[in-house]
Amino acid sequence: MMFGSSLTRRLFRPLIATLVNHKSLPADPVTELVIDLEQPVVYILKTASISDLLTLELSCEQLGLPSPFAPLHIEGCSLPRFICLDKPAGLGRRSRSATPYLAEFNQLLAAQKQQTVPIQLVPVSLFWGRAPGREGDSPSSLSIVRSRSPNALRKALIVLLKGRENRVRFSAPLLLPLLLERSEADPRLAHKLARIARIHFSRQRLAATGPKLPNRELLLTQLLQTEGVMHAIQQHSQQQQQDPAASRRLAQGYMNEIASNFSYPLIRFGDRLLGWLWHKLYRGLSVTGAERVRQLAQEGHELVYLPCHRSHMDYLLLSYVIYHQGMVPPHIAAGINLNFFPAGPLFRRGGAFFIRRTFKDNKLYATVFREYLNLLFRRGYAVEYFAEGGRSRTGRLLPAKPGMLSMTLDAAMQHKERPITLIPVYLGYEHVMEVGSYHKELQGGRKQTESAWQLLGIIRKLRNFGRGFVNFGEPLPLTEWLNKESTPRSTARELVIPLAREVMTRINAAAAVNGLTLSATALLTSDRHALTRQQLQQQVQLYLDYLRLCPYSEQLVIPEQESEQLLEQALELGKFERESSKLGEVIYLDRRQSVLLSYYRNNILHLFALPALLATLIERHEGIVSSEILRRLQRLYPLLKAELFLNVAADDLPAWIEAHLAALEQLGLLRFHQQGWWVEPQQQLQLLLLARIIRPSLQRYGVVVACLQPDIERQQLQDDSQQLAEHLAMLHGIQAPELFDKTLFSMLADALEAEGYGHQDQTGYDELEQLRGALYPLLPSAVRRSLQ
């Protein structure tokens, strides 16, 4: 074959290496796709092209995969290393054969039947540009770029125009022995194999480019003609006693305010700009779990990304990562507060559609927004929104707002033929630019209004902020979830609360641990927020060892480095104070950093909440037996689970306790003696620091429980708790921003109510006293006396 000619390759390879800037997906296909390098690999491509093959060769060299031009010999039999489905004719000539690949497929099948060595067929898609086009556009010169099987001249133009945005997408290998097992007697097996490959490449292209971008004016016209919007206009006109044309104009105004105006050229420009920005801001971006999402997109799922909300950077970061991972950037629900000049128009062209903070009493607006969202789902566009509704001021997850989730559920229940899958996403940073302003807001300060001046202020502060983390959590297919959780009479309103909890639980399960969060967690639990370097390094190593022994979830990302390297990375961020003496180096936090770093500790608080509670129980009740540990944990666990979205089911608590007691014993923190659990004296400091992780939460529980009476009104409970918390903070010097967070007090009140505390009868009093009996002994003695 001409493509195999070494002369051809020597002539064209330098040109391709110069013109083409390729990105391979996934970044490590050998590991992520389980490609066995000890077994033969054959690549399947859509189109025969020297530029495609040379780009694939360059990619394979970087990834440690065999070259598509490397000879393939199995037991003396020479086999093709690559197969192309389409072989376009040269200039001015028709295609030579409609099925040129069948002989090669049959050759591979025949060879596989004669040997036990499994041949791996690896489909590879090459994308030269990913512009999907726009509805209603007339054909243009860009159709050359979108040509599926271009001739040599068109391919040369494609390389020149789109060589800098090339993607090489590897797919999981198909093992020929498995295919032969299922269809060995099928005489048309080669045809079947080719048909599977064609369907695969078609789905890959759709997953990478998405459907055509909407023509905004056409979409708004269609939206205005939907039954829901027309009915809402009629109702509004009757209620307001005005001309229907006025209500129609109002609805059109809402549509213009809401709808995005997606622009692919802006996405390409934004990709370059954000690439520069991330280089300025961060030392690197860590992305995990993307392959599973790519597979769902390829299978035709409507993807709804649900990230946690830490910073205004979240919007940009997630879209950038999704695009770089070879998927379609989503339409993003953004708060109307971001629709200011010049950011608003740019966000809108980048896929943002704007939503008001509340539209409870505006049925016309609510209907327009809901129908717009339904239209996005029906057209197959990916969507992204922040379920929490706003940025977390404490670093913990907030409870999800029901509005957007309820609309998504409605769409899934009405159109079950289109699978909608929720993608929980954990976003983490080693530095969040807004942390200082968050603390001021928690103490009663006024929230800064978003503006162009604020944007310029952020740009002026550009510096290296460590690393960013984007972890795609366990997907949640809504149809499967509804089949499991709903009944024929269930409504979206009834189902949205358990769905919201499940989404937030899956976000927390995909957390990323880093040197800063671990170091902050250790220092904030120490006396005077100071440890020697050796003590801090040992404590960070303990947390690493514990998470490796008992991973919180399969999605949890634990760094491969050990504590020494992680501590160095944390120190480089300049958030810790350091002093050296003849006795060694001391690392500590000043008063301001102690408060601000609690934000980063709270990012991973849920990972250590239960083991910290376990350590607290044993430290306060040495010699306690396992059954008593279970009894006390069962009393407090529902509060922790509700607040921190923990993933341990109540029924699994006994097995969890047994496994984690064994882990703490293996780490040398505990010993089992005379049927009870005791603190290992040599490791008392390490156990104490672990136990103190949960102290701020227990103190807050103590505050609310102290104010709780069987007949108290909910709002009164929140107000009394807030006042008592502020009093304790002044009295005992407690520096925990969450003590001032009204949302956390509200969540705790909900959890206590759900558990039945507050009933106005003797049972209610008894339950409340038992809760206090379990909780108060775990508090510091001074705080306990104040509460009592």
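Below is a summary of the structure that appears in this document. Just so we're clear, the structure is a prediction, and the values are computed from it rather than from any experiment. (Residues numbered from 1 in each chain as written. Predicted model: local features only at pLDDT ≥ 70, side-chain atom pairs only at ≥ 80, totals over all residues. Heavy atoms only, no water.)

**Topic: the packing of aromatic side chains**
Quick note on the threshold: Any two rings among Phe, Tyr and Trp, with Trp reduced to its six-membered ring, count as a pair given centres within 6.5 Å; such a pair is stacked if its planes are under 30 degrees apart, edge-to-face if over 60, and tilted if neither. Placement of a positive charge over a ring is assigned whenever Lys NZ or Arg CZ falls within 6 Å of the ring centre and within 35 degrees of the normal to the ring plane.
Scanning all chains against the criterion turns up 19 aromatic pairs. Taken together through their ring pairs, the aromatic side chains of Tyr254, Phe353, Phe359, Tyr365, Phe369 and Tyr372 make up a single cluster. Taking the ring centre of Tyr323 as reference, the NZ or CZ of Arg130 above it sits at 4.2 Å.

**Quick word on the sheet that holds strand S19 (residues 584–588)**
Heads up, the rule is: Strand pairing is assigned whenever DSSP identifies at least 2 bridges connecting the two strands. Secondary structure counts use DSSP, requiring at least four H or I residues in a row for a helix and at least two E residues in a row for a strand, with both numbered from the N terminus. Only C-alpha atoms enter the line fits that serve as axes; for helices the fit covers just the stretch in contact. Angles between N-to-C directions range over 0 to 180 degrees.
Taken together, 3 strands build an open sheet; the order of strands is S17-S19-S18 and the sheet is antiparallel. In the strand order of this sheet, the two ends are held by strand S17 (530–532) and strand S18 (577–581), each with one partner. Strand after strand, the sheet turns through a mean of 25° between neighbouring axes, direction not considered. By the bridge criterion, 3 bridges tie S17 to S19 in an arrangement that is antiparallel. From the neighbouring strand, Leu531 faces S19, where its bridge partner is Ile587.

**With respect to the packing of helix H9 (residues 216–224) against helix H16 (residues 363–379)**
Our working rule: Any angle from 65 to 115 degrees is called roughly perpendicular, while one under 35 is roughly parallel, one over 145 is roughly antiparallel, and all others are oblique. Crossings are classed by handedness, with left-handed meaning an anticlockwise turn of the near helix from the far one by less than a right angle and right-handed meaning a clockwise turn. When checking whether two residues touch, look at their non-hydrogen atoms; a contact exists if any pair is within 4.5 Å.
Direction vectors running N to C along H9 and H16 enclose 120°, while the axes themselves pass 10 Å from each other. The orientation of H9 with respect to H16, classified from their angle, is oblique. In the packing of H9 onto H16, the handedness of the crossing is right-handed. In this structure, H9 contributes Leu219, Gln222 and Leu223 to the contact, and H16 contributes Val368, Glu371, Tyr372, Leu375 and Arg379.

**As for helix H23 (residues 533–549)**
Filter applied, for reference: A helix's residues, less one, multiplied by 1.5 Å, set its expected span. Classification of residues uses two cut-offs on accessible area relative to the type maximum, computed with a 1.4 Å probe and protein chains only: under 20% is buried, over 50% is exposed, and between them is partly exposed.
Between its first and last C-alpha atoms H23 spans 24 Å; for 17 residues at 1.5 Å apiece the expected length is 24 Å, and the two agree. Buried residues of H23: Arg533, Leu536, Gln539, Val540, Gln541, Leu542, Tyr543, Leu544, Tyr546 and Leu547, and no others.

**What about the pattern of salt bridges?**
Side-chain pairing between opposite charges can occur once the charged atoms of the two side chains come close. Applied cut-off: One side-chain nitrogen of Lys or Arg within 4 Å of one carboxyl oxygen of Asp or Glu is enough to make a salt bridge.
In the structure shown here, the tally under the stated rule is 30 salt bridges. Put simply, Arg391 and Glu434 hold a salt bridge, and the shortest N to O gap is 3.4 Å. Placement of the pair is Arg391 in the loop between strand S13 (383–384) and helix H17 (402–414) and Glu434 in the loop between strand S14 (420–429) and helix H18 (435–442), with a sequence separation of 43 residues. Residue Arg391 is classed as buried on the basis of its relative accessible area of 9%. Judged by relative accessible area, which is 9%, Glu434 ranks as buried.

**Here we look at the pairing of strand S6 (residues 120–128)**
Burial runs high along S6: 9 of the 9 residues are buried. Burial of S6 is two-sided: the residues Gln120, Val122, Val124, Leu126 and Trp128 facing one way and the residues Leu121, Pro123, Ser125 and Phe127 facing the other way are all buried. Pairing of strand S2 (residues 41–47) with S6 involves 5 bridges; the strand directions are parallel. Counterpart to Tyr43 in the pairing with S6 is Val122. Bridge count between S6 and strand S8 (residues 174–175): 2 bridges; the pairing is antiparallel. If you follow Gln120 over to S8, its bridge partner there is Leu175. Here 5 bridges tie S6 to strand S7 (residues 166–170), and the two strands are oriented antiparallel to one another. Bridged to Leu126 within S7 is Val168.

**Looking at the side chain of Arg506**
To be explicit about the condition: By the criterion applied in these results, polar contacts are pairs of N or O atoms within 3.5 Å in which, for protein atoms, one can donate a hydrogen and the other can accept it, and in which residues neighboring in sequence qualify only through two side-chain atoms.
Mapping Arg506 onto the fold places it in helix H21 (residues 492–509). Residue Arg506 is classed as buried on the basis of its relative accessible area of 15%. At 2.7 Å, the side chain of Arg506 and the side chain of Glu502 are in polar contact. Filtering out sequence-adjacent residues up to four positions away, Arg506 remains in contact with Pro424, Glu474, Pro475 and Leu476.

**Observations regarding unusual backbone geometry**
Along the chain, Leu25 connects to Pro26 via a cis peptide bond; the corresponding omega equals -10°. With respect to the helices, strands and loops of the structure, Pro26 is situated in the loop between strand S1 (22–25) and helix H2 (29–32). Going from Phe341 to Pro342, the amide bond is cis rather than trans, its omega being 0°. Within the secondary structure, Pro342 sits in the loop between strand S11 (331–335) and helix H15 (343–349). Notably, His529 is not glycine yet its phi reads approximately 55°, a positive angle. Here His529 lies in the loop between helix H22 (515–524) and S17. Residue His529 is classed as buried on the basis of its relative accessible area, which comes to 18%. One non-glycine residue, Gln675, adopts positive backbone phi at about 65°.

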